[in-house]
Amino acid sequence: MEQEVIRVLIVDDIAETRENLRRLLQFERGVEVVGEAGSAGEAIRRVGELKPDVVIMDINLPDRTGLEATEEIRRRFPATQVIILSVQDERDYMRRAMKAGAYDYLVKPPPIDELLSVVRSAGAEAHKERQRLTDVATSSSVALGTGPGTLGKVIVIYGPRGGVGRTFIASNLAFALQAPDTAIVLVDAKLQFGDLAMFTDVQPRHTMADLLDADTLDRELLNEVLLPTSADRVRLLASPLAPEEAERFTPEFLRQIFELLKQMADYVVVDTSCMLDLGTLTALESADLILMPLIADLPALRNARLAMHVLIGSGLDPEKWVLVLNRYHKRSALSADRIANYFKLRSILTIPEDDKVLASINKGQPLTLRQRNSPAARSIFQLARVVRERVWQTED
Ligand SMILES: Nc1ncnc2c1ncn2[C@@H]1O[C@H](COP(=O)(O)OP(=O)(O)OP(=O)(O)O)[C@@H](O)[C@H]1O
Ligand SMILES: [Mg+2]
């Protein structure tokens, strides 16, 4: 059997040291350097994004010590193993490294053979630990999900105008966020006439409405109601089939659903209606990040600005918003720069008008799943990168 690759993150505040380590490791079979970080905060964020098997960690970092970062990484991402590198060759440091949960402690500069052998055994440990955590999760039938103690992030796609591409972006973003050991739940919070199941070609055998009649709402019940999609890591919570069922939900019940989903997935991607109704408001309240799709016409922009103003006025954090200019083409009378300017932003993300979108929706096959190179899909992969960076950054 092909050996599983060991994915490594290098953490050091000196770029040259990172580069040297990368060079040492890059030609090793079965070892892949997936990223670098220059501070403790960045390291923790990148571990959240990339889920590396092994982190090579410097002790002296500008914001916090490598030991503190190690402790946090081990607590939040228990499968990831940390190897501490330090110039200090002292027993006391070694003891503290072990106490922080480090896998091993090496003195700089480590001999290449020693480094490699420690990386390999730490990698094997990470793979074993990941498998064990997955087994525990599946045996208790609470499938998928983040490591113990890690809460997922809620990303809400909301805009005050109908037909601007909320559902298109929500469905495509969910598939674009796929990564190893990453669970994603798509939620259709458009409680009336939700169409996310159609966009993802899922037969809604169960919907949120099934949760209403149970005695207790818990992870196990939710797990039964989540529907599989064509990608292993993405599941769907469909909206009720009958519009009148929307009336049976209360804010408290919806809040509880979001709380539980955060325990079960790394990313909870929520589609909403254009109305500030119950589904939208509870989703926005639970949001770690809000993506607002815009189209380049003045009334739409004005309404978007008004909606932002109202919601920020009622207590939503302005830092949580990301504007996305959808259906953009260069000949548009209002350029992306002018629109960014209108919102007092330096720049704005765009998704181009793409003639592949409609057919992909009709087939229920998101572009980020089937036509990853189409122009709109590429922009959504870009958006997924921004989303990952933003949501893990807010942890610091
Ligand atoms: N980037 C794009 N390029 C081309 N067409 C697009 C693009 N984005 C969205 N569309 C088209 O716009 C239509 C509306 O998209 P979508 O249903 O995702 O919007 P919505 O905001 O969810 O609408 P609703 O108000 O019905 O919930 C779709 O039929 C799709 O074909
Ligand atoms: Mg929609």
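Residues numbered from 1 in each chain as written. Chains lettered and ligands numbered in written order. Predicted model: local features only at pLDDT ≥ 70, side-chain atom pairs only at ≥ 80, totals over all residues. Heavy atoms only, no water.

1. Description of the sheet that holds strand S12 (residues 321-328)
Overall, mixed pairing links the eight strands, which are arranged S8-S9-S7-S10-S6-S11-S12-S13 in an open sheet. Two strands close off the open sheet at either side, each with one partner strand: strand S8 (227-228) and strand S13 (349-352). Bridge count between strand S6 (residues 153-157) and strand S11 (residues 289-294): three bridges; the pairing is parallel. From the neighbouring strand, Ile-157 faces S11, where its bridge partner is Leu-291. Sheet contacts for helix H6 (residues 166-176): S6, strand S7 (184-188), strand S9 (234-237), strand S10 (267-271), S11, S12 and S13; angle to S10, the most-contacted strand, approximately 165°. Sheet contacts for helix H10 (residues 251-264): S6, S7, S9 and S10; angle to S10, the most-contacted strand, approximately 140°. (Pairing = 2+ DSSP bridges. Helix = DSSP H or I, 4+ residues; strand = E, 2+ residues; numbered from the N terminus. Contact = heavy atoms within 4.5 Å. Axes fitted to C-alpha atoms, helices over the stretch in contact; angles between N-to-C directions.)

2. Section: H10
If you check H10, its first and last C-alpha atoms are 20 Å apart, about what 14 residues at 1.5 Å a residue would give, namely 20 Å. Buried within H10 we find Phe-253, Leu-254, Ile-257, Phe-258, Leu-260, Leu-261, Lys-262 and Met-264. (Expected span 1.5 Å × (residues − 1). Buried < 20%, exposed > 50% of the residue type's maximum accessible area, 1.4 Å probe, protein only.)

3. Regarding the site of ligand 1
Not every one of the 18 residues close to ligand 1 is listed here, only the nearest: Gly-163, Gly-165, Arg-166, Thr-167 and Phe-168. Arg-166 is positioned with one of its side-chain polar atoms (N or O) 2.8 Å from an oxygen atom of ligand 1. The contact in question runs from an oxygen atom of ligand 1 to an N or O atom on the side chain of Lys-190, over 3.0 Å. Notes on ligand 1: free accessible area 640 Å², of which the protein chains cover 83%. (Near = heavy atom within 4 Å. Polar contact = N/O pair within 3.5 Å; in protein donor to acceptor, adjacent residues only side chain to side chain. Areas by Shrake-Rupley, 256 points an atom, 1.4 Å probe, with all protein chains shown as cover.)

4. Considerations on the environment of Thr-167
Along the chain, Thr-167 falls in helix H6. Put simply, Thr-167 and Asp-271 are 104 residues apart on the chain and 5.9 Å apart in space, counted from C-alpha to C-alpha. For Thr-167, the contacting residues outside a window of four places in its chain are Asp-195, Leu-196, Phe-199 and Asp-271. Here Asp-271 takes part through its side chain, which lies 2.7 Å from a polar atom of the side chain of Thr-167.

5. A closer look at the nonpolar core
Inside soluble globular proteins, nonpolar side chains tend to come together where they are buried. Of all hydrophobic cores here, the largest spans 52 residues; its most connected members are Leu-261 and Leu-294. Ranked by the residues each element gives to this core, the list is headed by H10, at seven residues. Those residues in contact with Leu-294, other than ones at most four positions away along the chain, are Leu-301, Ala-304, Leu-323, Val-324, Leu-325, Asn-326, Ile-339, Phe-343 and Ile-348. The next biggest cluster of nonpolar side chains, apart from the first, holds 40 residues, and it includes Ile-157, Val-322, Ile-351 and Phe-381. (Core = buried A, V, L, I, M, F, W, Y, C linked by side-chain atoms within 4.5 Å.)

6. Focus on the environment of Leu-367
Locating Leu-367 in the fold gives a position in helix H15 (residues 367-370). Residues Leu-367 and Ala-176, 191 residues apart in the sequence, show an inter-C-alpha distance of 9.2 Å.

7. Let's talk about the packing of aromatic side chains
Any pair of aromatic rings gets described here by the distance separating the centres and the angle formed by the planes. Within this structure, the stated rule accounts for three aromatic pairs. With a centroid separation of 6.0 Å and an interplanar angle of 55°, the aromatic rings of Phe-249 and Phe-253 are classed as tilted. Overall, the relative accessible area of 5% leaves Phe-249 in the buried class. When its relative accessible area of 15% is taken as the criterion, Phe-253 is described as buried. Taken together, a centroid distance of 5.2 Å and an interplanar angle of 85° make the contact between Tyr-342 and Phe-343 edge-to-face. One Lys or Arg, Arg-96, reaches over the ring of Tyr-93 and ends 5.2 Å from the middle of that ring. (Phe/Tyr/Trp six-rings, centres within 6.5 Å; stacked < 30°, edge-to-face > 60°. Lys NZ or Arg CZ within 6 Å of the ring centre and 35° of its normal.)

8. As for the pattern of salt bridges
Where charged atoms from two side chains of opposite charge come close, those side chains can pair. Tallying each qualifying case throughout the model produces 18 salt bridges. One salt bridge connects Arg-22 with Glu-36, and the closest N-O pair in it is separated by 2.6 Å. With Arg-22 in helix H1 (residues 15-26) and Glu-36 in strand S2 (residues 31-37), this pair connects stretches of sequence that are 14 residues apart. With a relative accessible area of 25%, Arg-22 lands in the partly exposed category. (Salt bridge = Lys/Arg side-chain N within 4 Å of Asp/Glu carboxyl O.)

9. A look at the side chain of Thr-280
With respect to the helices and strands, Thr-280 occurs in helix H11 (residues 278-286). Excluding residues within four positions of it along the chain, Thr-280 makes contact with Tyr-158, Ala-189, Thr-272, Ser-273 and Met-275.

10. Quick word on the domain arrangement of the protein
Here the protein is described as being made up of domain 1 (6-139) and domain 2 (153-393). Put simply, the middle of domain 1 and the middle of domain 2, counted by C-alpha atoms, are 34 Å apart. Residue-level contacts link seven residues of domain 1 with eight residues of domain 2. For the domain 1 and domain 2 pair, buried surface summed over both sides reaches about 740 Å², with 55% attributable to carbon and sulfur atoms. Applying the counting rule to domain 1 against domain 2 returns two salt bridges. (Domains from an automatic or database assignment. Buried area = accessible area lost by both parts, 1.4 Å probe.)

11. What about the side chain of Lys-262?
Relative to the assigned elements, Lys-262 resides in helix H10. Classification of Lys-262 as buried rests on a relative accessible area of 13%.

12. Points about unusual backbone geometry
Residues other than glycine predominantly adopt negative phi, and peptide bonds predominantly adopt the trans conformation. Residue Pro-109 is bonded to the preceding Lys-108 through a cis peptide linkage, with omega at -15°. Along the chain, the position of Pro-109 falls in the loop between strand S5 (104-107) and helix H5 (112-139). Phi angles above zero are rare outside glycine, and Asp-181 is one such case at about 55°. Its place among the elements puts Asp-181 in the loop between H6 and S7. Overall, the relative accessible area of 37% leaves Asp-181 in the partly exposed class. Positive phi, normally seen in glycine, also occurs at Phe-193, with a value near 60°. Secondary-structure assignment places Phe-193 in the loop between S7 and helix H7 (196-199).

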